[in-house]
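Okay, here's what each chain looks like letter by letter:
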Amino acid sequence: MPSKIFTVGQIVDVATVHVPHQGKITFVDIVEDENKHVLYRYRYRAAKFHRYVQRVERGTMVVVEGTVANDALLKPPAAHRSIIVVDGESFRVLQRRATQEISLDESLPAWTIGD
């Protein structure tokens, strides 16, 4: 049975790949401040999400929600972190990096499946 997961953390990496018969899938790697031994890899299948997430810098604090995938837990042999794969459903910017300057006119809206 799939389980929902809610993560508050910093973006450490963003990658988009083209998967045959599925199209573009965007992966967003997030690390929580409290548990640095687990990497949450959220995957989003929506085409518009790629353009949205490219405007968000690494190190930005985000709040994300999704469903733990069937291939949920990965432990690469040379890695110091376990990876939990999550099918992303929502993505909200919580706090930008201190070095980022952004005006209120440029603020990003929240993104959810169906947008």
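As the structure is a computational prediction, the values presented were derived from the model and not from experiment.

### Observations concerning the nonpolar core
Part 1: Core analysis: the biggest nonpolar cluster contains 19 residues, and Ile11, Val28, Tyr42, Tyr44, Phe49, Val64 and Phe91 have the highest contact counts within it.
Part 2: For this core, the secondary structure elements donating two or more residues are β1 (4-19), β2 (23-31), β3 (38-44), α1 (47-53), β4 (61-74) and β5 (82-95).
Part 3: Among the elements that make up this core, the one with the highest residue count is β3 (4 residues).

### As for a nonpolar patch on the surface
Part 1: There is a patch of nonpolar side chains on the surface, built from Phe6, Val8 and Leu94 and spanning about 290 Å² of accessible area.
Part 2: Checked against the element boundaries, Val8 lands in strand β1.
Part 3: Residue classification places Val8 among the partly exposed positions, given a relative accessible area of 33%.

### Considerations on the environment of Val56
Part 1: Within the element layout of this structure, Val56 appears in the loop between α1 and β4.
Part 2: Residue class for Val56 comes out buried when judged on its relative accessible area of 1%.

### Observations regarding the pairing of β3
Part 1: Burial runs high along β3: 6 of the 7 residues are buried.
Part 2: Judged from the 6 bridges that link them, β2 and β3 form a sheet pairing that is antiparallel. Opposite Ile30, over in β3, you have Tyr40 as the bridge partner.
Part 3: Sheet topology note: the β3/β5 ladder contains 6 bridges and is parallel. By the bridge assignment, Arg41 is partnered in β5 with Val85.

### A short note on the packing of aromatic side chains
Part 1: A full pass over the atoms with the stated rule returns 5 aromatic pairs.
Part 2: Pairing Tyr44 with Phe91 gives two aromatic rings, centres 6.3 Å apart and planes at 85°, and the pair type is edge-to-face. Residue Tyr44 is located in strand β3, and its partner Phe91 is located in strand β5; the two are separated by 47 residues in the primary sequence.
Part 3: In this structure Phe91 comes out as buried when scored by relative accessible area, which is 0%.
Part 4: Plain terms: the ring middles of Phe49 and Tyr52 are 6.0 Å apart, the flat faces sit at 35° to each other, and that makes the pair tilted. Note that Phe49 and Tyr52 are positioned in helix α1 at a spacing of 3 residues, about one turn of the helix.
Part 5: The exposure class of Phe49 is buried, given its relative accessible area of 0%.

### Examining the pattern of salt bridges
Part 1: Taken as a whole and judged by the stated rule, the model has 5 salt bridges.
Part 2: Two residues, Asp87 and Arg43, come together in a salt bridge whose shortest N-O distance is 2.5 Å. Pair noted here: Asp87 is in strand β5 and Arg43 is in strand β3, with a separation of 44 residues, a long-range link.
Part 3: Given the relative accessible area of 24%, Asp87 is considered partly exposed.
Part 4: Judged by its relative accessible area of 14%, Arg43 is buried.
Part 5: Salt-bridge contacts for Arg45 lead to Asp87; the nearest nitrogen and oxygen are separated by 3.8 Å. In this pair, Arg45 sits in the loop between β3 and α1 while Asp87 sits in strand β5, placing the two residues 42 residues apart along the sequence.
Part 6: For Arg45, a relative accessible area of 42% translates into the label partly exposed.

So, how was this worked out
- Residues numbered from 1 in each chain as written.
- Predicted model: local features only at pLDDT ≥ 70, side-chain atom pairs only at ≥ 80, totals over all residues.
- Heavy atoms only, no water.
- Core = buried A, V, L, I, M, F, W, Y, C linked by side-chain atoms within 4.5 Å.
- Buried < 20%, exposed > 50% of the residue type's maximum accessible area, 1.4 Å probe, protein only.
- Helix = DSSP H or I, 4+ residues; strand = E, 2+ residues; numbered from the N terminus.
- Patch = residues over 30% accessible without salt bridge, like charges linked within 9 Å, V, L, I, M, F, W, Y side chains within 5 Å.
- Areas by Shrake-Rupley, 256 points an atom, 1.4 Å probe, with all protein chains shown as cover.
- Salt bridge = Lys/Arg side-chain N within 4 Å of Asp/Glu carboxyl O.
- Pairing = 2+ DSSP bridges.
- Phe/Tyr/Trp six-rings, centres within 6.5 Å; stacked < 30°, edge-to-face > 60°.

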